[in-house]
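# Reading the structure
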Amino acid sequence: MQTVIDAHNISKVYNPDTIPVHAVNNVHLHLNRGEFTALVGPSGSGKTTLLNIIGGLDAPSEGQVVINGVDISNLKPNQLIDFRLHNIGFVFQAFNLIPVLTASENVEFIMLLQKKPKAERNKRVQELLASVGLSDKLDARPNQLSGGQQQRVAVARALASRPQFILADEPTANLDSHSAATLLDIMEKMNREEDVTFLFSTHDQRVIDRARRVITLVDGRIESDSAETQIKH
Amino acid sequence: MLLKLAWRNIWRNRNRSLITMSAIASAVLLAVATVSLQQGVWGHLIKNLVSLYTGYAQVHAKGYWEEQTLENSFEIDKAVEQQVAGTAGVNAIAHRLESFALASSGDKTRGCLVVGINPSEEERLTQLSQKIQSGHMLKSDQDGALVAEGLAEKLDLKLGDTLVLLTQSFYGSTAAMKTPIRGLLHFGSPDLNNQIAYIPINRAQYWLDASGRATSLVVGLERPENLPAVARSLKNSLPKTFEALTWKEMMPEINQHIEADSAGMYIMLGVLYLLIAFGIFSTLLMMLAERQREFGMLNALGMQPWSIARVVLAETVFLTLCGSLAGLLLSYPLVWYLAEHPIQLGGDMAEIYAKFGFEAIFPATIKAKIFIDQTLVVLIVGLVLAIYPVWRVLRLNAVEAMRH
Ligand SMILES: Nc1ncnc2c1ncn2[C@@H]1O[C@H](COP(=O)(O)OP(=O)(O)O)[C@@H](O)[C@H]1O
Ligand SMILES: [Mg+2]
């Protein structure tokens, strides 16, 4: 089994000098290729902080994140940005898309940053938007799409860069249950068909039920991890 | 794609961009019109002034302008003449032999300036014949004088009467001459009108015992803009015994006046551009504030801050360029109109101008340089203002930006 994410002993303290907030406490996290894992916990439990650290958007106060064998804390800022571009796909809770670009341009944009040739970009944009069910919305601007459709474009874009894994921070938080279910269907399908690793946070039980592994955070600590429970049982 | 992105971002808030652009456009319009008018007016005035008498530049024996005596005259030299005439930008030259003299008739006596000229050269340079009120132009091989009206009146002389001139010759002896008046001249400038008289240069040389000599070589230009280059080349290439002076050096008061006027105008334009700068800057600030989250998202995805900054820069350039191009498109017809239909003044100004024989008209000048300069100024203002948003983008923190 190939290791994709290996996070060691991660802690994050905000405002260490004034009123310290221990957002993440001594977390160990190990993800293999192909996982479809949910990071679960109440609001304020540290899900966003942990995902940001794993995604190289924020530095931990302590600990080490190794992605595909690369310790990302050793990267210089611009190297880290490039590393994200080529290795990590992001889906945020909202405001994922560039408002002035169409759905297909939004998906193409990330491949343009990667300097992929035009033919490849065009082909992949078509494929991905078809597989998220938006073939008829190629030229729609984000404000012409529903929230669920926007999140599907964001998933397509995250896949477009062919990342090692995709981090999705509460991707369904702003969606109605039907759109949320559709998005989860698509993410599952992509996970199966494209063999992409997903790590997504949520506190929605219907979403949690779809995950193959569930990691529960409480007060910045891992309270339970279904992978370990399975092994124990 | 980055350019496409920048272009579309401008139109994201269409009204704000249009307002900013129209502010820029009106500033450019105002600036171009003001500068064109100012340069046109002064150019017109200078042209009038120099074609009256001095020419754009003059070559003398060294020291003549300081002390205008025959002792400071020079021997006409073909080589020097050819060198001056052959200088790039020079389109006419004329030798003059000038001397102050006493003019008399009956019991009346007046001081006057007698100018020995080569009639055809002088005609090319100062259109002397157009100032003739009665009579006709001098001929170089014929005795005779052209006398300014004011001078003739004071001496009670009419066309065809005889003018008597008395002065000191080149060698210091007394020199006298009698010559018939062939024509009466009108000059707007009272100075010239009350004291100038022209005779052919060969008669002047004979009269003054200064055979082959001249006091000045007047230089006419094809295009006034070439003056600095012509002056430089004359100053560098003429033998050390000569001096080359531009009208600015011969009439420093007028030049100072023009420079003071230009300075005033540039201060006004500076204030105008400052106002525009505030407008552009506030647009950039609003744009920056409302797009924090987007910039954070782009950076999180893997876009280098410098690339994001380039988009911001391109947006600033588009904004200012569209505005200034619109300003240019509007200003061209306006300036063209002001050039073709000069503003005409009445009242005191018109009187002052009339005194000098100038029409009080204010034509604008159409110069590509003015248009280009104003566009560049706005563009540079825009780029300087863009430094702040660019700096903010370069020190962007993705997580913080996305929390906005
Ligand atoms: N920039 C910050 N400064 C200070 N405290 C923060 C900051 N970001 C998050 N926190 C705190 O850290 C804790 C974890 O927050 P977060 O990771 O956003 O949790 P979740 O995503 O599970 O809701 C919360 O108590 C939150 O208030
Ligand atoms: Mg969160």
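See the structure printed just above.
Residues numbered from 1 in each chain as written. Chains lettered and ligands numbered in written order. Predicted model: local features only at pLDDT ≥ 70, side-chain atom pairs only at ≥ 80, totals over all residues. Heavy atoms only, no water.

## Remarks on the overall build of chain A
Quick reminder of the rule: Numbering of helices and strands runs from the N terminus; a helix is a DSSP stretch of H or I covering at least four residues, while a strand is a stretch of E covering at least two. In this setup the radius of gyration rests on C-alpha atoms only. A globule is expected at 2.2 Å times the number of residues raised to 0.38. Accessibility here uses a 1.4 Å probe with only protein chains present; expressed as a share of the type maximum, an area under 20% marks a residue as buried, one over 50% as exposed, and anything in between as partly exposed. Every accessible area reported is derived by Shrake-Rupley at a probe size of 1.4 Å, with residue values counting cover from the shown protein chains alone.
A tally of regular secondary structure across chain A gives eight helices and ten strands. For chain A, whose C-alpha radius of gyration is 17 Å, the value lies close to the compact-globule estimate of 17 Å for 233 residues. For chain A, the proportion of its 233 residues judged to be buried stands at 56%. Accessible surface, chain A: about 10400 Å² in total, of which carbon and sulfur atoms supply 49%.

## Details of the sheet that holds strand β8 (residues 197–202) of chain A
All names here are of chain A. Convention followed: One requirement defines pairing of two strands: DSSP has to find at least two bridges between them. With axes taken as lines fitted to C-alpha atoms, and helix axes fitted only over the stretch in contact, angles between N-to-C directions fall between 0 and 180 degrees. Contacts are assigned to residue pairs with any non-hydrogen atoms lying within 4.5 Å of each other.
The strand order across the open sheet built from six strands is β6-β7-β8-β3-β9-β10, with neighbouring strands paired in mixed fashion. Edge strands, defined here as strands with exactly one partner in the open sheet, are β6 (88–91) and β10 (221–225). Put simply, the sheet's adjacent strands are angled 20° from each other on average, direction ignored. Where strand β7 (residues 165–169) lies against β8, five bridges are found, and the strand directions are parallel. When the bridges of β8 are listed, Ile166 appears paired with Phe198. Sheet strands in contact with helix α1 (residues 47–54) are β3 (36–40), β6, β7, β8 and β9 (213–218), and its direction is about 155° off that of β7. In the packing of helix α5 (residues 147–160) onto the sheet, contacts are made with β6 and β7, and the angle to β6 comes to roughly 175°.

## With respect to the interface of chain A and chain B
Using the following cut-off: Buried area counts how much accessible surface, traced with a 1.4 Å probe, disappears from two parts once they are put together, with both parts' losses summed. What makes a salt bridge here is a side-chain nitrogen of Lys or Arg within 4 Å of a carboxyl oxygen of Asp or Glu, nothing more. Polar contacts, as used here, are pairs of N or O atoms within 3.5 Å; protein pairs need one atom able to donate a hydrogen and one able to accept it. Residues neighboring in sequence count only if both atoms are side-chain atoms. Any residue outside Ala, Val, Leu, Ile, Met, Phe, Trp, Tyr, Cys, Pro, Asp, Glu, Lys and Arg is labelled polar, Gly included; the first ten of those are nonpolar and the last four are charged.
With 26 residues of chain A at the interface, the matching set in chain B holds 21 residues. The junction of chain A with chain B conceals about 2100 Å² of combined surface from both sides, 70% of it contributed by carbon and sulfur atoms. If you look at where chain A meets chain B, you find two salt bridges. A salt bridge links Lys4(B) to Glu105(A), with the nearest nitrogen and oxygen atoms 3.0 Å apart. Where chain A packs against chain B, one counts six residue pairs in polar contact (both at pLDDT 80 or more). Broken down by secondary-structure element, the contributors of at least two residues to the side of chain A that touches chain B are α2 (77–87) and α3 (103–113) of chain A. Sorting elements by how many residues they give to the side of chain A that touches chain B places α3(A) first, with six residues. Of the residues assigned to the side of chain A that touches chain B, the class counts are 15 nonpolar, four polar and seven charged.

## Some words on the site of ligand 1
Counted only if it meets this: What makes a residue near a molecule or strand is one non-hydrogen atom of that residue sitting within 4 Å of it.
In the neighbourhood of ligand 1, 13 residues make up the surrounding shell, with Gly44(A), Lys47(A), Thr48(A), Thr49(A) and Arg403(B) lying closest. The residues that come close to ligand 1 belong to more than one chain, namely chains A and B. Residue Gly44(A) places a main-chain N or O atom 2.7 Å away from an oxygen atom belonging to ligand 1. Between ligand 1 and Ser45(A), the relevant distance is 3.2 Å, taken from an oxygen atom to a main-chain nitrogen or oxygen of the residue. Here ligand 1 has 560 Å² of accessible area as a free molecule, and 69% of this is covered by the chains. Those elements that provide at least two residues to the shell around ligand 1 are β2 (21–32) and α1 of chain A. Element by element, the count of residues in the shell around ligand 1 is highest for α1(A), at three residues. A class-by-class count of the residues in the shell around ligand 1 yields four nonpolar, seven polar and two charged.

## Structural notes on unusual backbone geometry
All names here are of chain A. With a phi angle near 55°, Asn9 is a residue other than glycine that sits in the positive phi range. Along the chain, Asn9 falls in strand β1 (residues 3–14). Classification of Asn9 as partly exposed rests on a relative accessible area of 30%. Of note, Asp219 is a non-glycine position whose phi angle comes to about 50°, a positive value. Mapping Asp219 onto the fold places it in the loop between β9 and β10.

## Observations regarding the nonpolar core
What counts, and what does not: The criterion is simple. A nonpolar core is a set of buried Ala, Val, Leu, Ile, Met, Phe, Trp, Tyr and Cys residues joined through side-chain atoms within 4.5 Å.
One finds Leu129(A), Leu199(A) and Phe200(A) to be the most contacted residues of the largest nonpolar core, which totals 94 residues. Beyond its immediate chain neighbours, meaning those up to four positions away, Phe200(A) contacts Phe36(A), Thr37(A), Ala38(A), Leu39(A), Ala168(A), Pro171(A), Leu184(A), Met187(A), Val207(A) and Ala211(A). The next biggest cluster of nonpolar side chains, apart from the first, holds 31 residues, and it includes Tyr56(B), Ala57(B), Leu238(B) and Phe242(B).

## Notes on the side chain of Thr102(A)
Turning to its location among the elements, Thr102(A) is positioned in the loop between β6 and α3. Setting aside residues no more than four positions away along its own chain, Thr102(A) makes contact with Leu138(A), Asp139(A), Ala140(A), Arg141(A) and Arg8(B).

## Here's the deal with the pattern of salt bridges
The final tally for this structure, using the stated rule, is 27 salt bridges over all chains. Note that Glu105(A) and Arg8(B) form a salt bridge whose closest N and O atoms lie 2.6 Å from each other. Residue Glu105(A) is located in helix α3, and its partner Arg8(B) is located in helix α1 (residues 2–10); the two belong to separate chains. Assigned by exposure class, Glu105(A) and Arg8(B) land together as buried. For Arg210(A), the salt bridge is made with Glu188(A), and the minimal N-O distance between the two is 3.2 Å. Within this pair, whereas Arg210(A) is found in the loop between α7 (205–208) and β9, its partner Glu188(A) is found in helix α6 (residues 177–193), the two being separated by 22 residues in sequence. Exposure remark for Arg210(A): the relative accessible area of 23% places this residue in the partly exposed category. Overall, Glu188(A) belongs to the partly exposed group, its relative accessible area being 23%.

Everything listed here is a matter of coordinates, which is why it stays silent on function.
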